[in-house]
Amino acid sequence: MKHFKASITVSLRKSILDVQGKTVEHALHSTNFPMIKNTRIGKHVELEIDAENAEKAYEMLSDACKTIISNPIMEDYHIELHEMEA
């Protein structure tokens, strides 16, 4: 078994209104940061996983994202996977 570290970024799909992002952007604009635009808020998950290879690890993580970590109806996810040294 190999040991991997994963970083997963979950964000609302572009077609979904990000109310939290709009609230933060409004606060930024009212506190002297009018140059910041298109603010979106998401989640960042870090975890470690044991698997035979990177493909299996990615497949398991993708299944976890589809069932628990993200809401596939409203959110997209991106998995970044790195093999850790023994």
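Okay, so let's go over this structure. Since the model is a prediction, treat every value here as computed from it, not as a measurement. Position labels on residues start from 1 in each chain and follow its written sequence. Two thresholds apply to this predicted model, a pLDDT of at least 70 for residue-level local features and 80 or more for giving and counting side-chain atom pairs, whereas whole-chain, interface and lining totals are computed over all residues. Water and hydrogen atoms were dropped before computing side-chain values, which therefore reflect all heavy atoms in the structure.

Things to note about unusual backbone geometry
Rule in force here: The way it works is that DSSP assigns letters per residue, a run of H or I at least four long becomes a helix, a run of E at least two long becomes a strand, and they are numbered from the N terminus. Residue burial is assigned from relative accessible area. The probe radius is 1.4 Å, only protein chains are included, and a residue is buried under 20% of its type maximum, exposed over 50%, and partly exposed in between.
Its identity is not glycine, yet N32 carries a phi of approximately 75°, on the positive side. With respect to the element layout, N32 can be found in the loop between α1 (19-30) and β2 (42-51). Given a relative accessible area of 66%, N32 falls into the exposed group.

Quick notes on α1
To keep it simple, the criterion reads: For a helix, the expected span equals 1.5 Å multiplied by the number of residues minus one. A 3.5 Å cut-off defines polar contacts: any pair of N or O atoms within that distance qualifies, except that in protein one atom must be a possible hydrogen donor and the other a possible acceptor, and neighbouring residues in sequence count only when both atoms are side-chain atoms.
When the terminal C-alpha atoms of α1 are compared, their 17 Å separation across twelve residues agrees well with the 16 Å that a helix rising 1.5 Å per residue should span. Its side-chain oxygen placed 3.3 Å from the backbone nitrogen of Q20, D18 serves as the N-cap of α1. Once α1 finishes, N32 follows within two positions and takes phi at roughly 75°, a positive value.

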